[in-house]
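Structural overview
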Amino acid sequence: MTMMIFVLVVLERGQPTGEEFYFRELTSCIEYSNALNTGSISDHNEIMGKQNYYTTYCRVREIPTSDAGTKILFRDPVNE
């Protein structure tokens, strides 16, 4: 059995660094990506300029369900 996850990919000078972060929800991935790209955790960071050191983007990946939580750890915020 498989599941769909979202992967935040980090690029430096347009080349993948190999650094990837995993999320169960697309919203979490996009918020994390925006914070890294702008260097701000503000709710309105979309209006800030991008930093020039690296860029990030989110993409979909399908993984075996057995890898979730064991080989792949998720960075989604804990909902309380």
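Residues numbered from 1 in each chain as written. Predicted model: local features only at pLDDT ≥ 70, side-chain atom pairs only at ≥ 80, totals over all residues. Heavy atoms only, no water.

By the definition in use, this model includes two aromatic pairs. For the pair Phe21 and Tyr32, a centre-to-centre distance of 5.7 Å together with 40° between the ring planes defines the contact as tilted. Of the two residues, Phe21 sits in strand 2 (residues 15-23) while Tyr32 sits in helix 1 (residues 26-38), which places them eleven residues apart along the sequence. The partly exposed category is assigned to Tyr32, whose relative accessible area is 28%. Each member of the aromatic cluster is reached from another via a ring pair, and the members are Phe21, Phe23 and Tyr32. (Phe/Tyr/Trp six-rings, centres within 6.5 Å; stacked < 30°, edge-to-face > 60°. Helix = DSSP H or I, 4+ residues; strand = E, 2+ residues; numbered from the N terminus. Buried < 20%, exposed > 50% of the residue type's maximum accessible area, 1.4 Å probe, protein only.)

Further remarks concern the environment of Cys58. Relative to the helices and strands, Cys58 resides in strand 3 (residues 55-64). Along the backbone, Cys58 and Ile30 are 28 residues apart, and their C-alpha atoms lie at a distance of 6.7 Å. Those residues in contact with Cys58 that sit more than four places away from it in its chain are Val7, Leu8, Leu26, Cys29, Ile30 and Ser33. (Contact = heavy atoms within 4.5 Å.)

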